[in-house]
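Observations on the three-dimensional arrangement
Listed below are the residues making up each chain.
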Amino acid sequence: MRERICVIFDEPEEARRAVQRLLEAGVNPADVTVMSSEPHLEAGEFIPETRRTLIGYFSLAGGVLGAIAGLSLVYFTSHAYPIVTGGMPLVPPLTTGIVMYEMAALGAIFFALARMLWEARLPRWRAVREDYTAELADGGVLISIKSGGEVGQEILREAGGREVPS
Amino acid sequence: MNKLMEQPTNNLTNERINRDLLAPVLTTSWRFYVVVAISGAIVAWALFAWGWQLYHGIGVSGKRRPEFWSLYITNFVFWIGISHAGTLISAILRVTGAEWRRPVTRCSEAITVFALMIGAMFPIIHLGRAWLFYWLIPYPNERLLWPNYRSPLMWDFFAINTYLTGSLIYLYLPLIPDLALVRDKARGWRRGLYSVLSLGWRGTQTQWQRLEKAVSIMAVIIIPVAVSVHTIVSWDFAMTLNPMWNSTIFGPYFVVGAIFSGIAALILAMSVLRRVLDLEDYIQPKHFNYLALLLLTMSLLWFYFTFAEYLTVWYANEPAEMAVFWSKVWGPYSPFFYTMVCCCFVIPVPILAFKKLRRIPLITLASALICVGMWLERFLIIVPTLAAPRLPFNWRGYSTTWVELSITAGTFAYFVLLYALFTKFFPIVAVWEFKEGLRHEAKARARSEAVPVAAD
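Given the structure is predicted, the values throughout are model-derived calculations rather than measurements. (Residues numbered from 1 in each chain as written. Chains lettered and ligands numbered in written order. Predicted model: local features only at pLDDT ≥ 70, side-chain atom pairs only at ≥ 80, totals over all residues.)

**Brief notes about the overall build of chain A**
Looking only at helices and strands, one finds five helices and four strands in chain A. Counted from the first residue to the last, chain A has its helices and strands arranged as β-α-β-α-α-α-β-α-β. The buried share of chain A, taken over its 166 residues, is 40%. In chain A, 84% of the contacts between residues at least 6 apart in sequence involve partners at least 24 apart. (Helix = DSSP H or I, 4+ residues; strand = E, 2+ residues; numbered from the N terminus. Buried ≥ 20, exposed ≤ 12 C-beta atoms within 10 Å, placed from the backbone. Contact = placed C-beta atoms within 7 Å.)

Okay, here's the thing in structure tokens:
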């Protein structure tokens with residue numbers, strides 16, 4: 001029995017119906033991967049998403065950490081060599097706020113990026129060789145099932161898909 | 001129907017979109033080599049001029065007392081302003097869900113990154129002893145000396161670096177699916193290059209969802225950062241007590257000017273790209289129309305801020321301020337001043353306001369004039385104030401040198417060079433976003449056609 005089956009559909013709706021039938025036939029959703037060169041997200045998900053994204057929370061946490069880093073940078077370095085400021089504060093809140101603001105934005109950006117890459121499982125160059133076809137560049141939706149067996153293959157073919165070498 | 005609003009997108013198939021938008025990446029025309037050769041030669045000349053300045057000292061640039069900030073800082077402010085074209089406009093359009101943004105976003109984001117890179121070079125060139133620029137970076141050192149965080153110049157460092165980093169990521173993230181597309185279409189070494197750059201993107205459902213989420217979050221973060229950058233650049237001036245600099249509206253005035261010049265630069269770039277890369281079906285008249293209306297709004301806003309700024313100075317009649325005021329309005333800088341007003345307001349407003357005149361060639365002309373006008377505006381903010389400081393014994397007229405002019409010309413050529421290289425290596429129109437937009441458009445059309453049937 002082949003380990004992986006890759007079937008390409010010209011229409012996203014056909015692919016959506018095929019995935020539905022696969023899941024109804026008892027194929028494990030974790031074994032099904034749907035790929036396309038365009039998002040096709042407007043009509044909902046192909047496979048129900050079980051894990052919520054935490055990118056927003058990570059970005060928020062990054063922002064807070066960035067702001068703290070900015071404050072620490074200004075506070076500790078200013079106190080490491082306290083210059084004469086003529087009675088003015090060594091760490092003025094308004095000017096320190098600007099550094100904190102920029103560092104907060106930087107932290108939020110980095111954390112959002114890192115979390116996005118983590119959740120999207122990138123970079124993962126090997127996956128392209130194992131489970132993908134360059135035909136997708138011309139459109140369509142690729143459904144790949146791992147250990148789906150004869151049933152999965154049959155369902156995908158009946159649904160109007162065209163098998164492609166991965 | 002207004003010709004500007006026509007939509008010649010119906011005959012665009014998936015294959016044709018791929019072919020048209022990836023053509024500049026996968027094939028190289030003679031025009032690319034010509035652009036690279038000419039801009040490269042000017043950049044080489046500018047590098048020679050910079051080398052000359054490094055060897056002979058900063059005096060050869062024409063900077064001397066009292067004009068310690070001259071063309072280099074003019075260019076710095078100008079390019080940072082131009083950088084507001086991209087990420088800010090792209091982010092605003094993305095956040096507000098403006099569907100027409102799709103062919104425009106990437107070319108504007110690229111402008112941001114290159115303009116910021118060029119803008120950030122100028123403080124280093126301006127230093128004279130450029131090899132000491134790292135003193136600006138906060139890093140542990142044996143003398144326990146740290147940069148002064150109370151200085152606006154230090155805020156510039158943080159703001160520009162944050163904006164550049166954010167803009168690079170904001171440019172790169174939506175580029176990943178298109179890099180994968182090029183990977184799938186390319187052969188030989190290009191395939192290897194784009195395989196690495198696309199990070200193994202396959203376009204799974206999870207990847208698309210996470211990408212869209214991350215891009216939305218970035219868009220929200222980048223808007224306040226962009227606003228902060230030019231506000232902080234304005235504070236380089238406004239935090240001093242120099243005549244016509246110490247103004248509370250300098251922050252918003254600079255931001256408005258930055259967005260104004262940024263949109264003008266974006267229109268110029270779009271105009272050139274659609275011609276040179278044959279992108280007439282993608283960058284359409286309607287995009288110019290929408291941006292022209294935005295440009296018109298910014299032109300009016302710019303005039304309002306300029307008027308408010310000059311009126312308050314004139315009304316207060318403070319001698320030191322008036323000396324600078326008159327030097328701009330009636331003195332040696334008045335030709336620049338009136339050219340600026342003509343370029344930024346008098347000529348563009350009728351072109352942009354009247355539908356009959358709002359055609360691509362005229363919009364492009366108005367944008368070019370605005371870029372010139374905004375460069376002059378930066379010059380007029382900086383040089384006249386420094387040429388007439390509060391103590392009159394120090395007054396002096398400003399004159400430039402070939403070194404300063406060469407480096408200035410070189411940065412414009414550098415921008416063209418970077419942009420040409422970018423279009424050679426990356427699709428300048430976001431392919432997947434464009435296709436997604438077409439699908440949305442088709443769905444909306446189908447929905448609107450279905451309504452009367454349902455009513456029947």
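Additional details are given in the paragraphs that follow.
**Points about unusual backbone geometry**
Backbone torsion omega between Leu122(A) and Pro123(A) reads -5°, so that peptide bond is classified as cis. Checked against the element boundaries, Pro123(A) lands in the loop between helix H3 (93-119) and helix H4 (125-130). Here Arg65(B) and Pro66(B) are connected by a cis peptide whose omega angle stands at 5°. Inspection of the secondary structure assignment puts Pro66(B) in the loop between helix H2 (30-56) and helix H3 (71-82). Its identity is not glycine, yet Met244(B) carries a phi of approximately 65°, on the positive side. In this fold, Met244(B) is placed in the loop between helix H9 (205-238) and helix H10 (250-276). Since 24 C-beta atoms lie within 10 Å of it, Met244(B) is described here as buried.

**Focus: helix H13 (residues 334-346) of chain B**
All names here are of chain B. Buried within H13 are the following residues: Met340, Cys343 and Cys344. Seen end-on, H13 carries its buried residues on one side only, within an arc spanning 85°. Those residues of H13 that are buried lie in contact with helix H11 (285-316), helix H14 (348-353) and helix H15 (360-387). (Arc of directions from axis to C-beta.)

**Topic: the nonpolar core**
Counting 183 residues, the largest nonpolar core has Ala112(A), Ile143(A), Ile111(B), Met218(B), Ile263(B) and Leu266(B) as its most contacted members. The contacts of Ile263(B), once residues within four sequence positions are left out, are Ala85(B), Ile89(B), Leu291(B), Leu294(B), Leu295(B) and Met298(B). (Core = buried A, V, L, I, M, F, W, Y, C linked by C-beta atoms within 7 Å.)

**Remarks on H2(B)**
Residues and elements named next belong to chain B. Look at H2: 39 Å from first C-alpha to last across 27 residues, which is about the 39 Å you get at 1.5 Å a residue. Where H2 is buried, its residues touch helix H16 (402-425). Just beyond H2, the residue with positive phi is Gly57, at close to 105°. (Expected span 1.5 Å × (residues − 1).)

**Here's the deal with the interface of chain A and chain B**
Opposite the 51 residues of chain A that make contact, chain B presents 47 residues. Counting residues per element, the ones that place at least two in the side of chain A that touches chain B are strand E2 (32-36), helix H2 (55-80), H3 and H4 of chain A. For the side of chain A that touches chain B, the element with the highest residue contribution is H3(A), accounting for 15 residues. Taken together, the residues of the side of chain A that touches chain B sort by class into 33 nonpolar, eleven polar and seven charged. (Nonpolar A, V, L, I, M, F, W, Y, C, P; charged D, E, K, R; others polar.)

**Comments concerning the sheet that holds E2(A)**
Strand pairing in a sheet takes place through backbone hydrogen bonds and is either antiparallel or parallel in direction. Residue and element names in this part refer to chain A. Taken together, four strands build an open sheet; the order of strands is E2-E3-E1-E4 and the sheet is antiparallel. Of all the strands in the sheet, just E2 and strand E4 (162-163) have a single pairing partner and so form its edges. Along the sheet face, helix H1 (residues 12-24) touches strand E1 (4-9), E2 and strand E3 (141-146) and points at about 20° away from the line of E3. (Pairing = 2+ DSSP bridges. Axes fitted to C-alpha atoms, helices over the stretch in contact; angles between N-to-C directions.)

**With respect to the pairing of E2(A)**
In summary, the side chains of a regular strand alternate between the two faces of the sheet. Residues and elements named next belong to chain A. Of all five residues in E2, five are buried, a share of seventy percent or more. The alternating pattern of E2 places Val32, Val34 and Ser36 and Thr33 and Met35 on opposite faces, both of which are buried. Here E2 runs beside E3; their pairing, made up of five bridges, is antiparallel. Following the sheet pairing, Val32 is matched in E3 by Ile145.

**Things to note about the environment of Asn14(B)**
Position of Asn14(B) among the secondary structure elements: in helix H1 (residues 14-26). Other than its neighbours up to four places away in sequence, Asn14(B) contacts Asp138(A), Gly139(A) and Lys435(B).

**What about the confidence of the model for chain A?**
On average, residues of chain A carry a pLDDT of 87, and 94% of them reach 70 or more. Put simply, helix H5 (residues 149-158) of chain A is where chain A has its lowest mean pLDDT, 78, and H3(A) is where it has its highest, 96. (pLDDT = per-residue confidence, 0-100.)

**Focus on the pairing of E3(A)**
Residue and element names in this part refer to chain A. By the criterion of burial, E3 is predominantly enclosed, with five of the six residues buried. Pairing geometry for E1 and E3, over six bridges, is antiparallel. Pairing of Ile8 across the sheet is with Leu142, part of E3.

**Regarding the environment of Leu418(B)**
Within the secondary structure, Leu418(B) is located in helix H16. Placed 243 residues apart in sequence, Leu418(B) and Leu175(B) show a C-alpha to C-alpha distance of 17 Å.

**Notes on the packing of H11(B) against H15(B)**
All names here are of chain B. The N-to-C vectors of H11 and H15 enclose an angle of 40°; their axes lie 10 Å apart at closest approach. One finds that H11 runs oblique with respect to H15. Here the hand of the crossing between H11 and H15 comes out left-handed. On the side of H11, the interface is formed by Pro285, Phe288, Ala292 and Leu295, while H15 contributes Ile360, Ile363 and Ser367. For the contact of H11 with H15, the per-class residue count stands at six nonpolar, one polar and no charged. (Parallel < 35°, antiparallel > 145°, perpendicular 65-115°, else oblique. Left-handed = near helix turned anticlockwise from the far one by under 90°.)

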